[in-house]
There are 4 protein chains.
Amino acid sequence: MHEKVRINSADVKYTEKHIESRYCYHTASVRRDGDTFTVTPSSTEFIFRTERKVPRLGVMLVGWGGNNGTTVTAAVLANKLGLTWKTKTGLKKANYYGSLLESSTVCLGSSPDGEVYAPFRDLLPMVHPNDIVFDGWDISSLDLGRAMERAQVLDWSLQEKLWPHMSQLKPRPSVYIPEFIAANQEHRADNLIRGSKAEQVAQIRRDICDFREKSGVDKVLVLWTANTERFCDVIPGVNDTAENLLNSIQRGVFIGGDDFKSGQTKLKSVLVDFLVSTGIKPTSIVSYNHLGNNDGLNLSALQQFRSKEISKSNVVDDIVQSNPVLYRPREKPDHCVVIKYVPYVGDSKRAMDEYTSEIMMGGTNTMALHNTCEDSLLASPIILDLVILTELCQRITFCTQDDPVFQGFHSVLSLLSFLCKAPLVPQGAPVVNAFFRQRACIENVMRACLGLPPQNHMQLEHKMTRSFMHSEENHIHNPILMNGKIEHIKGYQNILTSHQN
Amino acid sequence: MHEKVRINSADVKYTEKHIESRYCYHTASVRRDGDTFTVTPSSTEFIFRTERKVPRLGVMLVGWGGNNGTTVTAAVLANKLGLTWKTKTGLKKANYYGSLLESSTVCLGSSPDGEVYAPFRDLLPMVHPNDIVFDGWDISSLDLGRAMERAQVLDWSLQEKLWPHMSQLKPRPSVYIPEFIAANQEHRADNLIRGSKAEQVAQIRRDICDFREKSGVDKVLVLWTANTERFCDVIPGVNDTAENLLNSIQRGVFIGGDDFKSGQTKLKSVLVDFLVSTGIKPTSIVSYNHLGNNDGLNLSALQQFRSKEISKSNVVDDIVQSNPVLYRPREKPDHCVVIKYVPYVGDSKRAMDEYTSEIMMGGTNTMALHNTCEDSLLASPIILDLVILTELCQRITFCTQDDPVFQGFHSVLSLLSFLCKAPLVPQGAPVVNAFFRQRACIENVMRACLGLPPQNHMQLEHKMTRSFMHSEENHIHNPILMNGKIEHIKGYQNILTSHQN
Amino acid sequence: MHEKVRINSADVKYTEKHIESRYCYHTASVRRDGDTFTVTPSSTEFIFRTERKVPRLGVMLVGWGGNNGTTVTAAVLANKLGLTWKTKTGLKKANYYGSLLESSTVCLGSSPDGEVYAPFRDLLPMVHPNDIVFDGWDISSLDLGRAMERAQVLDWSLQEKLWPHMSQLKPRPSVYIPEFIAANQEHRADNLIRGSKAEQVAQIRRDICDFREKSGVDKVLVLWTANTERFCDVIPGVNDTAENLLNSIQRGVFIGGDDFKSGQTKLKSVLVDFLVSTGIKPTSIVSYNHLGNNDGLNLSALQQFRSKEISKSNVVDDIVQSNPVLYRPREKPDHCVVIKYVPYVGDSKRAMDEYTSEIMMGGTNTMALHNTCEDSLLASPIILDLVILTELCQRITFCTQDDPVFQGFHSVLSLLSFLCKAPLVPQGAPVVNAFFRQRACIENVMRACLGLPPQNHMQLEHKMTRSFMHSEENHIHNPILMNGKIEHIKGYQNILTSHQN
Amino acid sequence: MHEKVRINSADVKYTEKHIESRYCYHTASVRRDGDTFTVTPSSTEFIFRTERKVPRLGVMLVGWGGNNGTTVTAAVLANKLGLTWKTKTGLKKANYYGSLLESSTVCLGSSPDGEVYAPFRDLLPMVHPNDIVFDGWDISSLDLGRAMERAQVLDWSLQEKLWPHMSQLKPRPSVYIPEFIAANQEHRADNLIRGSKAEQVAQIRRDICDFREKSGVDKVLVLWTANTERFCDVIPGVNDTAENLLNSIQRGVFIGGDDFKSGQTKLKSVLVDFLVSTGIKPTSIVSYNHLGNNDGLNLSALQQFRSKEISKSNVVDDIVQSNPVLYRPREKPDHCVVIKYVPYVGDSKRAMDEYTSEIMMGGTNTMALHNTCEDSLLASPIILDLVILTELCQRITFCTQDDPVFQGFHSVLSLLSFLCKAPLVPQGAPVVNAFFRQRACIENVMRACLGLPPQNHMQLEHKMTRSFMHSEENHIHNPILMNGKIEHIKGYQNILTSHQN
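Let me sum up the structure you'll find in this document.

The rules behind each value
- Residues numbered from 1 in each chain as written.
- Chains lettered and ligands numbered in written order.
- Predicted model: local features only at pLDDT ≥ 70, side-chain atom pairs only at ≥ 80, totals over all residues.
- Heavy atoms only, no water.
- Contact = heavy atoms within 4.5 Å.
- Salt bridge = Lys/Arg side-chain N within 4 Å of Asp/Glu carboxyl O.
- Polar contact = N/O pair within 3.5 Å; in protein donor to acceptor, adjacent residues only side chain to side chain.
- Helix = DSSP H or I, 4+ residues; strand = E, 2+ residues; numbered from the N terminus.
- Axes fitted to C-alpha atoms, helices over the stretch in contact; angles between N-to-C directions.
- Parallel < 35°, antiparallel > 145°, perpendicular 65-115°, else oblique.
- Nonpolar A, V, L, I, M, F, W, Y, C, P; charged D, E, K, R; others polar.
- Least-squares fit on C-alpha atoms with pLDDT ≥ 70 in both.
- Phe/Tyr/Trp six-rings, centres within 6.5 Å; stacked < 30°, edge-to-face > 60°.
- Lys NZ or Arg CZ within 6 Å of the ring centre and 35° of its normal.
- Buried < 20%, exposed > 50% of the residue type's maximum accessible area, 1.4 Å probe, protein only.
- Pairing = 2+ DSSP bridges.

**Observations concerning the interface of chain D and chain A**
Contacts between chain D and chain A engage 13 residues on the former and 13 residues on the latter. For the pair chain D and chain A, the interface holds 2 salt bridges. Residue A:E149 is joined to D:K86 by a salt bridge in which the shortest nitrogen-to-oxygen separation is 2.8 Å. For the pair chain D and chain A, the interface holds 6 residue pairs in polar contact (both at pLDDT 80 or more).

Here it is, written out as structure tokens:
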């Protein structure tokens, strides 16, 4: 067991089984009288424990033969095998671009050469995507080779290289409740579990056990990658079968949220946050989407579209509510989301957005975007992040000074908000859609597990006249105050001269 | 003296003159061996002192009669007078949209009703823009009424209301060194200080004193809002006159950086940060701009354009360098910036951008944007933020346990990075262009002045099975763990079921 | 009576009352055997008679107080009065931009100075828009001054100048059959004709007579500018009242088609025609629209939207069918039209389109457009063209050698296709949507009235080695053939050298 | 010899060698007095003779190994061999999309089933692209297989199928005059003809003869497909070698114009023509391009860019000058063209355009476009059209009644305007850039060769109350005038009711 990021601090202990950190968590309660705010800070001592042993992980996909299912499986295979393939623009190499954990970085601190960034995945011990074993169900019996071809996502020359591997993989027969997905999916349904609902659940249970035994994985995660279901409040038939189902569940269920946040919605949570954070008031947000893959076909049925529309519509609410200077209570921008099925574009989803905002003195800012998003190539790395992050969360426990019994994360795992269009949070918790706040949350929680305080972006040491670090250098390059003369000011800058009585 | 945000903490003291806070600042040093990182956290105790008395502020603009100068002056007048005006889309009201301080908010903490957001301007005692008194120089003698008309920025019906006020304001004669701006500005130059350079500087000094006396302001800031100068390394003739100039300077000069960051560049610092932060690799960034105002005319001369091109070209460098997973050392995306003078569009600057990125497995994401930015309406609130923030920084001092003599901010005020296209930082300090990191920096520095730790976005209290806050509520709404049964799971979500050996 | 364009030809006679032309009309019948075509040309001699006397024209608008009604009335008033008004971008002047007849030109032939273009309106004697007298009905009693303000279309400073005139104009009470327009229009309906349907028709009749008498106009045209009605096949209650109605109709009813073709649809008929005409195959056309005016509100009701969707959906059919090389029989591009109501954008309709086409060897061309269309400002000049063209057509009669009795145009006036989204044509006639073909049709029909053959764009006289015109000049500047040597060929061109056995 | 389109008319004779047509060409001369125009029509009788025998055509490309050269060669090979290839979106098939002659159609007339359209290529006997034999020169010695790979234009799986054929083709050594193209091309130059300029020309001559003999073609065309040369007025060294060169030239040289008109410029000539033709006034046209192929690299050198900029800048002039209602003499829209080299996008050229126009009453219409053009895939079919059209023009001769000696087209072949960005025309001839006028010109000239009058788009037979064709049907479906009653008027249309004194 050897972590790539190691903390040298009295607050962090590496036992054989755990990384254990002492952490001081700061909050504040606010009392408001008119426009006056009284802020009372407080802090809580935590101990975080992260299991160091990373299990062998199996992932079972509901809708394995779909575009997301085949793409994520193919991507992991291609990475594991180190595949390369020719295209007209040159030789390509398997990668995990678009994965927060695998392809983005975090700042650890500074060294004499400047700030040091490490891959996000190296912060804590976690599953590597190459080590995930996939299995799953599908209502279509197509093997994954042919399903990958049907998906029209990956370069053909890559498909040729993957074919021998993918065509060996065959989805297990699936439960099929026609009312839940669009009628236009009927023709795919040739691979079904027969019998009563109880029998079907029993079969699913056997499938999970079977997979675990045959593959030798330590842990199995089940993930929904099938079509958008119709909007509903309860799953009929869940209660009566839950007992059987729950017998096979040992440590609870995590719920992440709805709909992978991969394209237009993710970008919207960035742009609206940006505008509102800079004091500009978005007044109309219009989002048009079209896509031509099977998800688009499914969505072309009315009820399924409602689901999607709902999961996309609230994405700016938290941002808008956070700025009472720009928006009166209950005031919202016009917000319109349209999704259309246009077969020709296939998996190459298009987003066309228009953001209209009020700027100073009655002015208007209009941004129009055309965004070509490869639907499944953007969703697949998010699926990987979702399972790896979930698995990690299962290995983290914590306690406080007042409640010294170790506990785990709430089963509504709002840490996954980052990856979902309609994040679920425990009752009473604020919903956060803003991209950078969500990302900061994941990063800071992981830092807490290492005893590191939140990223503050302050760089105070570089803002001082006499820094507590590198102080010599600093003095040398501060000519104005050292010798009382302006020696060099670069041209055309915004010079600020101050006069004081 | 009564602040709107008041901290109730043993770490914060309100004396008659100061807000004084005790603050623990955290940093970390990193040692790298191969791909292993050893992080050593450390912390420094600070005391921050913020003067509570807000001075009466005078601002003198170089290029007062230009589009930015007239617009910012008119905006402050209209806000102070509470003006409204008719347009075809209805009655408009003066505002400060686009100002970070006046129109954006910060989260103070939580109350029983949820998170509480206050206007940024309420965090610390600072100048209100309505109270700023403007004066300035211009090479053109046009009064500000006619200059405002020439600028073609504000609605005509607003101009009619402002006319009686604006036409009373006349720019002082200005220094004019033709080599520094484009030849095409020659025809405007009818309002010049004659004499030798030394005489000109003496006149400028007298102007500043004259303004301070007549207006009765406590403090004067001088700000460059004139055209982009040609690119240069030293200002010829500065040294020989510096002595005289410095006599009138009491507490040093702050330098903020070049070029207000108002439109395309600001958005770029958001979008590239977003892409790279999500693990996507921008490979080509193409930014086309055109504008038809006098700044555009000036830029149409080659040397002036060079300046602008340089100030815009580095904006993604820090972001790219922060992700060694996506980019090899010295690898950069193709980056191309074009600015053209198109008279017809006037002050309504247009930005057309294309971002091409590599996503998973050789896929490509292409975003094309068309952004209609009202140049001066976006820059004016930033000018206000710049002077207010600078004035505030002059009233903040701090010391550390090891260096108990109070000091002020470094004269290269990198806190202003947020507002400038080409931020200046002290030698050795990292340049930060990423929008949200810059904003977090300002917010966290202000929070430090109030003894508040950095925003952490963690909301740990809502992520726990048994929270240390509101614990009753939480239990009630957590059916899964309370009674061991799944009672309601909303449809179509990404359910994660975990199985553990 | 003095026409601005006068034809000097034995084929054209100017009598006191008429312009009479002899015209030879060419057609061809085609027989197809496999992929062989036998073309048999034929020609028909016509005599065209155009009445020279232009009547005083009155126009009554159904929905006078709507955005189109108020804008077209205001535009004619402003042009008649020669109004100017101030805006932030300078002084504006009333004009008829966007009107085919008033603001576009036709080529008459060549002069020594080159080709000569005349305004379209000068081709034949026709009503000038400034001379049109407006009246109309509306379900809302708002006078036209307040209706113009509600419309939010014209600059406020122009509205101020128009106010004294517009506020004098009051719409007559209107028939209101709620089922025909959206329920959301209910609140506007305070200006209604009461009584049975027969009584209502009688009142309408009296209104028309009243207007004609009081205004002293020679002719009255009634035009629908109210909201999009719900889609329907017959107008209930038309038959039983037709007798009364028809008593006041002397010379028949012209039907032009549905929906003014002003923005996105017009552009689409250009772009698709362009692509297909150049041998490129559009495979997916996606058109998103949003608008926030009352038409948008009305369209937000489902049935009204169906109308619009139908009127927009067939616009590419004729173009696609005209190219059997690119499209198999019944093959069509994916075509999707969306219209959404977004209040904030008001009358400033936005169109966002994506055209995807197949180019050579499996390549793809993608065009994405963002088009800011001022809805009523684009529609108003088309309304003027529509009434002026219709009035002109009523003064044109013609006969052929075989049918020497003079007749008028068919009452389904397909000449108006140019101006309508869903053109109506007589049964059996081909529908033409392609913009340039429609325009050529109008131009060539008018030329026929002047005895001029169709525009041929051939310029044969400039394509000959020895031209029948200006032959001297031509020889001089044709060095290659004059002296057998290449004397000057400009650089970098595509030189074509031919070698022949 | 059997043409697919055959004319059944006394005016057309099919001799063994020729199609011979009698044709009446109409022109008009215009005299202008103030705003009055006197038009005097006239006509000229032509006899057109088109040789029926289509020769075997050889095409030699200057720059054969470039992107255009390899793509056009590969496309002809793939079409001739009937190749298909797999891609992720399915099986693709070789085609000639984008070729005016091969993939667009013309209307021949009407049949009982409606209008009849034939492929453009079937109008007159012309070379089929599949029958063209390619050869050429290149400064790089790469065989065409490797050159095709370097070009990164065609799908990789297609390249694999073409490889055995393409790799057999090797460009002949080329003349290389470094001053004419950018210095950055130096590294490619490994395949050069050595010796004096006279020796080089002699070698070129031998190459042409060698190709003709070995390939057995009847005719050879030489076409420039190499990089944009620097702008220049004369080709140095042309005169002294012209004698030798001209010995091999039998029937003169056709000059077509500069720069294939494939993407943004072509679309611009459509859009501006559309706007101006509809009475809307473009006031600012901004065109940004970037590309990353070798042409882009070459253009990144300043002088080469000048050429391109000039060839693109005049494209709207003729359209603007044709409308003196919208534009005063010498008034032009702001027009700005930018081309940038952005390696990443390769041959996938991007165009970003903004068209701003004035509409009625001071309103503004703004169109923003993002256009992804595959540079070489759009240019290659135009290259084919260019050579096929040129070859056809060489077989057409004509005479007039006054000049009965048969002559050919002017050596400045303005018919090729359609295909070139900077069309060349004989001195004194008007330049036409408008797309649809250019296309009409080619079509009508070809129709003249068949004795057919110009397309008139009038469909008069469908506009009459009593048509001279199908008159029975027409009466039946014209209820209004038949029985004096309105029987059915479809809902919501723009009804025009006329009243006449």
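**Some remarks on the environment of A:D135**
Residue and element names in this part refer to chain A. Mapped onto the fold, D135 is located in strand β10 (residues 133-137). A C-alpha to C-alpha distance of 9.4 Å links D135 and V222, two positions 87 residues apart in sequence. Once residues within four sequence positions are removed from consideration, D135 is found in contact with V59, M60, L61, W64, R172 and F211.

**Some thoughts on the packing of helix α3 (residues 144-151) of chain D against helix α4 (residues 156-166) of chain D**
Residues and elements named next belong to chain D. Interhelical geometry of α3 versus α4 gives an angle of 160 degrees and a closest axis separation of 8 Å. Between α3 and α4, the angle falls in the class roughly antiparallel. Together, L144, G145, R146, M148 and E149 of α3 and W156, Q159, L162, W163 and M166 of α4 make up the contact between the two elements. Class assignment of the residues belonging to the contact of α3 with α4 gives a composition of 6 nonpolar, 2 polar and 2 charged.

**Observations concerning the side chain of B:E3**
Structurally, B:E3 can be placed in the segment before β1 (5-7). Of the polar contacts made by the side chain of B:E3, one reaches the side chain of B:R52; its length is 2.8 Å. Excluding anything up to four places from it in sequence, B:E3 contacts A:T36, B:Y14, B:I19, B:R52 and B:P125.

**Side note on the relation of the copies chain D and chain A**
Here chain D sits on chain A after a turn of 180 degrees about the axis and a move of 0.0 Å along it, with an RMSD of 0.1 Å. Read as a symmetry element, the transformation amounts to a two-fold axis. Distance from the rotation axis, computed per C-alpha, reaches its smallest value in chain D at D:S157: 3.7 Å. Of all interface residues in chain D, 100% are interface residues in chain A too; the two copies therefore contact each other through one and the same surface.

**Focus on the packing of aromatic side chains**
This model, assessed by the stated rule, comprises 36 aromatic pairs over all chains. Aromatic pair A:F436 and B:F436: ring centres 4.7 Å apart, planes at 35 degrees, arrangement tilted. Separated into two different chains, A:F436 in helix α12 (residues 435-449) and B:F436 in helix α12 (residues 435-449) make up a pair that spans both. Above the face of the C:W156 ring, B:K86 is positioned so that its terminal group lies 4.3 Å from the ring centre.

**Focus on the pattern of salt bridges**
Evaluation of the coordinates by the stated rule reveals 96 salt bridges over all chains. Two residues, D:E331 and D:R328, come together in a salt bridge whose shortest N-O distance is 3.6 Å. Its relative accessible area of 18% is what places D:E331 among the buried residues. Judged by relative accessible area, which is 58%, D:R328 ranks as exposed. Residues joined in a network through salt bridges with shared partners are A:D135, A:R172, A:D207, A:D210 and A:K214.

**Details of the sheet that holds strand β17 (residues 364-374) of chain D**
In spatial order, the strands read β15(C)-β14(C)-β16(C)-β17(C)-β17(D)-β16(D)-β14(D)-β15(D); together these 8 strands make up an open sheet with mixed pairing. Every interior strand has two partners, whereas the edge strands, β15 (334-341) of chain C together with β15 (334-341) of chain D, have only one. Direction aside, neighbouring strands of the sheet carry axes that sit 10 degrees apart on average. In this sheet, strand β16 (residues 348-358) of chain D lies alongside strand β14 (residues 281-291) of chain D in antiparallel orientation, the contact comprising 9 bridges.

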